Number of protein chains: 2
Amino acid sequence: METEETSKHATISIVAKKAGVSTTTISRYLNEKYEYMSLKTRRRIEAVIDELNYRPSNIARGLKSKKTNQIGVIVADIENPFSSMMMKGVNDVCNRRNYHMLILNTDNSQKSEEEGVLSLIDHNVDALLINPTGYSSSIYAELKNNDLPVVLIDRQIEHPFFDLVTSNNYDVTYQATAYLIKNNYSRIYFVTENIDSISTRSIRKKAVEDALREKGLDHDQCLMTIDKNNTLDIKEKLMKIKRLHGNEKIALFAVNGQILLVVLQMLHELRLSIPSEIGIYGYDDWGWGELISPGITVIQQDPYGMGIKAAELLIDRLEGKRKGKSEVFELPANLIIRGSTD
Amino acid sequence: METEETSKHATISIVAKKAGVSTTTISRYLNEKYEYMSLKTRRRIEAVIDELNYRPSNIARGLKSKKTNQIGVIVADIENPFSSMMMKGVNDVCNRRNYHMLILNTDNSQKSEEEGVLSLIDHNVDALLINPTGYSSSIYAELKNNDLPVVLIDRQIEHPFFDLVTSNNYDVTYQATAYLIKNNYSRIYFVTENIDSISTRSIRKKAVEDALREKGLDHDQCLMTIDKNNTLDIKEKLMKIKRLHGNEKIALFAVNGQILLVVLQMLHELRLSIPSEIGIYGYDDWGWGELISPGITVIQQDPYGMGIKAAELLIDRLEGKRKGKSEVFELPANLIIRGSTD
DNA sequence: CTCTTTTGTGAAAACGCTATAATATAAAAG
DNA sequence: CTTTTATATTATAGCGTTTTCACAAAAGAG
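Residues numbered from 1 in each chain as written. Chains lettered and ligands numbered in written order. Predicted model: local features only at pLDDT ≥ 70, side-chain atom pairs only at ≥ 80, totals over all residues. Heavy atoms only, no water.

1. A word on the domain arrangement of chain A
How big an interface is tends to be reported as the loss of accessible area on association of its parts.
Logical step 1: Here the domain parsing of chain A yields domain 1 (4-56), domain 2 (70-166 + 304-330) and domain 3 (169-302 + 335-341).
Logical step 2: The gap between the C-alpha centroids of domain 1 of chain A and domain 3 of chain A is 63 Å. (Domains from an automatic or database assignment.)

Next up, the structure:
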């Protein structure tokens, strides 16, 4: 029955005093440097720590040791399910390997991205996991000269300085498009938002174009830019295409899950029936693609796996378990063929 | 053209030396205490900081000032779109008010939740925003004695110590159920996962039961527990119900978006047509509920708004802009009636 | 002109740890 | 027995800030 009146938060020196040893010894205990420590001392320290409910301050540790056990995570669009699943992967690895995530959302803004990097550095994160906006930025050149480990996820940057974990975007998009072409679709439109960055977008676009070109199909005019909040323009454009090429099989390719939803919504409103009047396929349906009738043909990525891989890589770099040149890892995405492209 | 050979990271004392003032003065400048500072000194400091590209170390600041400008966020299921949207709201407020989020995912595990709280405290976060698992835990009583501001989001805990931001779960669920009953549904089953916690679940369940009871309908056996990975049992149960009560209008209520998807999938597999053979409604469709035919009747919450509100509240508490007893804020959720409950 | 007040600045201690180097004791070796 | 080696522990000096208190110079008051 101890009196706990003045039980302020315990510090290392309070513990040291109570245990009758120096703070150095406590520190060594905390860092598991048991080499030259008598079992007796060790047990004594254990007991006192337990009794006082002492937990070392990470911030003080960080100041001295230059290690915060925090990794900075910069994500381009936090409310995208793709990002959530990635982050879950990162989180799981962090838990396992005893790190914490300091997360920043950039909303696909280059400025936020640059500020975010600086800000996380100010917070002394041990490493940086970035899902870039895709805009080119000088910050990366600076980062390269820093000794802070950096791993990119999903999107590549202008100059490939760092490890990158992404999907096999080109191959699987090509494969999907080739499937449609084989299925007699002769006009395929690549639907995307009006963003002038985002490397995966251009890779996917190239894959679609290449597939079209290699089969001798029209690929010059295949880009359709969509505004999520105002689909009027694109509706008109689509109806015009239908008029001009009504005798051909037409399909839309949605560059990501959110666009896919918008496009489906639009087709719904236009009362175009899938697939008889128009085909549709795209990236990432997050589970609902199967419930719609007909089911939607999608390319399903593995964001959770990407998060895992990227975080493992990053912490390996950080802990010196991996050295050498940066690499690119492409995780396989899955083409799921359903009725929307019959 | 300065030589930058030894340009290690600038510290406050390097800046001080270069500017010909004391670190105290630099510190005052950094903290915008311009009261008794000559304009000349101020400009001089500005120039040097600029030249050296100096950025103060948050970790050192934190050690001394006990303020890290980090808020700890504990989320029960990071890959749920509901959580992502909440976190986007939190993130936006943090950006605006100059805080960072340290995010932890608990996967609805009580143990992770408790560890997470302790761990975030070790990291000296300034405040805690918690989306609880819903399991009761002694950690909250301890937290209460701490002076760390805490705000809960979505789910209440056993003893309502802290501010809570949530939806008007009871009212809107009751309203939705009443609508179905008015629409002649006489058997409504509450479908949920087998989790023995989660306060919103029980509130929603009570609302469904109350609505049934008050109309004199059967409400004792309305709970259906589902296993996401094995829907066999529940399929059998459902078919049995259909056999027994084939002459009545039957509906399922899905307690959240993920269950809603699973249930829809199941009905799809059972080839039960909606709504002629079975009605369905539930929480949170995240945009796809409209695309399915028929559209799904859903209760749409405002997780983004909840994130905003909770973060504002938390930072207000933290900065002393709000005092007094804890409150509960219920943001209105939206009942969207579509064809699945005709 | 002195005395008080206002204005502007700095010395030094502290925050809670870790790291370096030094010291004390015990055991082994010569 | 000394000397060396192995074992166990500590004193001290930071890490990069903020804070308290003291102090000097300038301005105002009597």
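What follows picks up the thread again.
2. Re the protein's contact with DNA strand C
Logical step 1: Near DNA strand C you find 27 residues, and of these I12, S27 and R61 of chain A together with R28 and T41 of chain B are the closest.
Logical step 2: Near-protein atoms of DNA strand C (within 4 Å) split between backbone and bases, with sugar and phosphate holding 63%.
Logical step 3: Here a phosphate oxygen of DNA strand C sits 3.2 Å away from a polar atom, N or O, in the side chain of N31 of chain A.
Logical step 4: Contact distances for DNA strand C include 2.6 Å between a phosphate oxygen and a side-chain N or O atom of T41 of chain B. (Near = heavy atom within 4 Å. Polar contact = N/O pair within 3.5 Å; in protein donor to acceptor, adjacent residues only side chain to side chain.)

3. Describing the protein's contact with DNA strand D
Logical step 1: In the neighbourhood of DNA strand D, 26 residues make up the surrounding shell, with T25, R28 and T41 of chain A together with I12 and S27 of chain B lying closest.
Logical step 2: Counted by atom, the contact set of DNA strand D within 4 Å of the protein is 58% sugar and phosphate.
Logical step 3: In this structure, a phosphate oxygen belonging to DNA strand D sits 3.1 Å away from a main-chain N or O atom of S38 of chain A.
Logical step 4: K33 of chain B is positioned such that a nitrogen or oxygen atom in its side chain is 3.4 Å from a phosphate oxygen of DNA strand D.
Logical step 5: Elements that contribute at least two residues to the surface near DNA strand D include exactly helix 2 (23-30) and helix 4 (58-65) of chain A together with helix 2 (23-30) and helix 4 (58-65) of chain B.
Logical step 6: Along the lines of polarity and charge, the residues of the surface near DNA strand D split into 8 nonpolar, 11 polar and 7 charged. (Helix = DSSP H or I, 4+ residues; strand = E, 2+ residues; numbered from the N terminus. Nonpolar A, V, L, I, M, F, W, Y, C, P; charged D, E, K, R; others polar.)

4. Points about unusual backbone geometry
The phi torsion of most residues other than glycine is negative, and most of the peptide bonds are trans.
Residues and elements named next belong to chain A.
Logical step 1: Put simply, I274 and P275 share a cis peptide bond, and its omega is -5 degrees.
Logical step 2: Inspection of the secondary structure puts P275 in the loop between helix 11 (257-270) and strand 9 (279-283).
Logical step 3: Of note, D107 is a non-glycine position whose phi angle comes to about 55 degrees, a positive value.
Logical step 4: Residues other than glycine seldom take positive phi values, yet N184 does so here, at roughly 75 degrees.
Logical step 5: Secondary-structure assignment places N184 in the loop between helix 8 (169-182) and strand 6 (185-193).

5. What to know about the relation of the copies chain B and chain A
Logical step 1: The transformation that overlays chain B on chain A combines an axial shift of 0.0 Å with a rotation of 180 degrees, and the residual RMSD is 0.1 Å. On the angle and the small slide along the axis, the relation comes out as a two-fold axis.
Logical step 2: A share of 100% of the interface residues of chain B reappears at the interface of chain A, consistent with the copies meeting face to face through the same patch. (Least-squares fit on C-alpha atoms with pLDDT ≥ 70 in both. Contact = heavy atoms within 4.5 Å.)

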